[in-house]
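Structural overview for review
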Amino acid sequence: MNMKILITGGNGQLAFDCNEVLKKKYEVLSHSHKEMDILDFGQTERIINIFKPDTILNCAAYTKVDACETEKDLAWKVNVIGPKNLAEISEKLGCKIIHISTDYVFSGKKPTPEYYVEDDSPDPLTYYGNTKLEGELAIQKATNSYAIIRTAWLYGIRSNNFLKTILKLCSKNPPKGVKVVNDQFGSITWTFKLALQIKKIIETDGQGTYHATSEGYSTWFEAAEYFLKKFAIPYKVIPCSTKEYPTQARRPANSILENKRLKQEGINLMNHWENDLEQFFSKFRERLIRDATEANR
Ligand SMILES: NC(=O)c1ccc[n+]([C@@H]2O[C@H](COP(=O)([O-])OP(=O)(O)OC[C@H]3O[C@@H](n4cnc5c(N)ncnc54)[C@H](OP(=O)(O)O)[C@@H]3O)[C@@H](O)[C@H]2O)c1
């Protein structure tokens, strides 16, 4: 069967890799924010009704965690009303919705290295986490045909992310080094590998809530230090505490997720974060370093 998949938020980092992976096998329509605004119910419904997807993959979101604390109205609309619209449209059409959610639905109060499984009670610390949780609930209310995939700490070749920021900051002032938080724990996850996992969930008709992050865990500092050392990039990172690096939104100290359901169903494709980071960097090293250097000119 030639499955049809519609991807929302097409210019985002995860959507980009999902499109790359899924279009090799399926008929994919990936729409950017400009091409399809998930807050515009009429436009979204029209596009979906014309394409008639078997699956809607919602990668659209308001992902600026700190800005969510002040841009509450917009964050709520994009992360709650948008998914609700898509779930209602998919229910009417009889297709399935796959929605991406986050580790930030959890408070992080479990002691490290205890991890969170799918049926642990969410208790978000941030407004972003709150809107993402409400988005999950809105989908569950609107349809039974859904998969919610909670992931974490994404990086990829598209858009800005933690790795690119570290490279950019380091290349600005190499001798001084850059302070990186060393008391928040999670699993840094490559969007390309997550896209392969999402494909697997689509193909096995996964239903309900899944956790999907890389295996293993680290702090932000450990992840940054690992890739700088591994690839002999002569930049320095300096560990610091969350207190020394205050942000508008309070991040969970421990947001390690366990891919329990993927493992139970025998479909866990996620690898250790160190292996994926190595692969990612081997593939894109020149481009990443060039982009970081050029950004500082
Ligand atoms: N990034 C992470 O570390 C992380 C961690 C855990 C979970 N997640 C989740 O993973 C998913 C993908 O994240 P990502 O990092 O790929 O995000 P991203 O790069 O910020 O992409 C999100 C996309 O959504 C689009 N968008 C915003 N409002 C929209 C609207 N009203 N209609 C249609 N599109 C809209 C944005 O377009 P504009 O920029 O043009 O507005 C952007 O292209 C999200 O659900 C996020 O919550 C991300």
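That block above? That's the structure.
Quick look at the structure, then. (Residues numbered from 1 in each chain as written. Predicted model: local features only at pLDDT ≥ 70, side-chain atom pairs only at ≥ 80, totals over all residues.)

**Quick word on the overall build of the chain**
Looking only at helices and strands, the chain features 9 helices and 12 strands. A compact globule built from 297 residues should have a C-alpha radius of gyration of about 19 Å, and the chain, at 19 Å, falls within 12% of that. When the backbone C-alpha atoms are referred to their principal axes, the chain occupies close to 60 × 40 × 40 Å. Taking all 297 residues of the chain together, 49% fall into the buried category. Sequence-distant contacts in the chain: of pairs separated by 6 or more residues, those separated by 24 or more amount to 80%. (Helix = DSSP H or I, 4+ residues; strand = E, 2+ residues; numbered from the N terminus. Rg over C-alpha atoms; globule rule 2.2 N^0.38 Å. Buried ≥ 20, exposed ≤ 12 C-beta atoms within 10 Å, placed from the backbone. Contact = placed C-beta atoms within 7 Å.)

**As for the site of the ligand**
Taken together, 26 residues lie around the ligand, and Gly9, Gly12, Leu14, Ala60 and Ala61 are the ones closest in. At the level of elements, α1 (13–22), α3 (72–93) and β4 (96–102) are the ones that each hand at least two residues to the shell around the ligand. When residues of the shell around the ligand are assigned to their parent elements, the largest contribution, 3 residues, is made by α1. Among the residues making up the shell around the ligand, the classes are represented as 13 nonpolar, 11 polar and 2 charged. (Near = placed C-beta within 6 Å. Nonpolar A, V, L, I, M, F, W, Y, C, P; charged D, E, K, R; others polar.)

**A word on unusual backbone geometry**
In this structure, the amide linkage connecting Thr112 to the following residue, Pro113, adopts the cis form with an omega of 10°. Within the fold, Pro113 resides in the loop between β4 and α4 (127–142). Of note in this structure, Trp153 is not a glycine but carries a positive phi near 45°. For Trp153, the position within the fold is in the loop between β5 (146–151) and β6 (154–155). Note on Trp153: 22 C-beta atoms within 10 Å, which makes it buried.

**Remarks on the pairing of strand β1 (residues 4–8)**
Burial analysis of β1 places 4 of its 5 residues in the buried class, the great majority of the element. The sheet contact formed by β1 and strand β2 (residues 27–30) spans 4 bridges and is parallel. Across the sheet, the residue bridging to Ile7 is Ser30, located in β2. Each parallel crossover has a hand, and the one from β1 via α1 to β2 is right-handed. (Pairing = 2+ DSSP bridges. Right-handed = clockwise from strand over helix to strand, strands pointing away.)

**Here's the deal with the packing of helix α7 (residues 220–230) against helix α9 (residues 273–295)**
At their nearest, the axes of α7 and α9 sit 11 Å apart, and the two run at 50° to each other. Classified by the angle their axes make, α7 and α9 are oblique. At the point where α7 passes α9, the crossing takes the right-handed sense. Contact residues: Tyr226, Phe227 and Lys230 in α7; Glu274, Leu277, Glu278 and Phe281 in α9. (Axes fitted to C-alpha atoms, helices over the stretch in contact; angles between N-to-C directions. Parallel < 35°, antiparallel > 145°, perpendicular 65-115°, else oblique. Left-handed = near helix turned anticlockwise from the far one by under 90°.)

**As for the pairing of β4**
Of all 7 residues in β4, 7 are buried; the element is thus mostly enclosed. On β4, burial covers both faces: Lys96, Ile98, Ile100 and Thr102 on one face and Ile97, His99 and Ser101 on the other are all buried. In this structure, strand β3 (residues 55–58) lies alongside β4, joined through 4 bridges in parallel fashion. If you follow Ile56 over to β4, its bridge partner there is Ile97. Where β4 lies against β5, 6 bridges are found, and the strand directions are parallel. Opposite His99, over in β5, you have Ile148 as the bridge partner. For the crossover from β4 across α4 to β5, the handedness is right-handed.

**Some words on the environment of Asp66**
Here Asp66 shows up in the loop between β3 and α3. When the C-alpha positions of Asp66 and Thr247 are compared, they lie 6.9 Å apart, and in sequence the two are 181 residues distant. Excluding residues within four positions of it along the chain, Asp66 makes contact with Thr247, Gln248 and Ala249.

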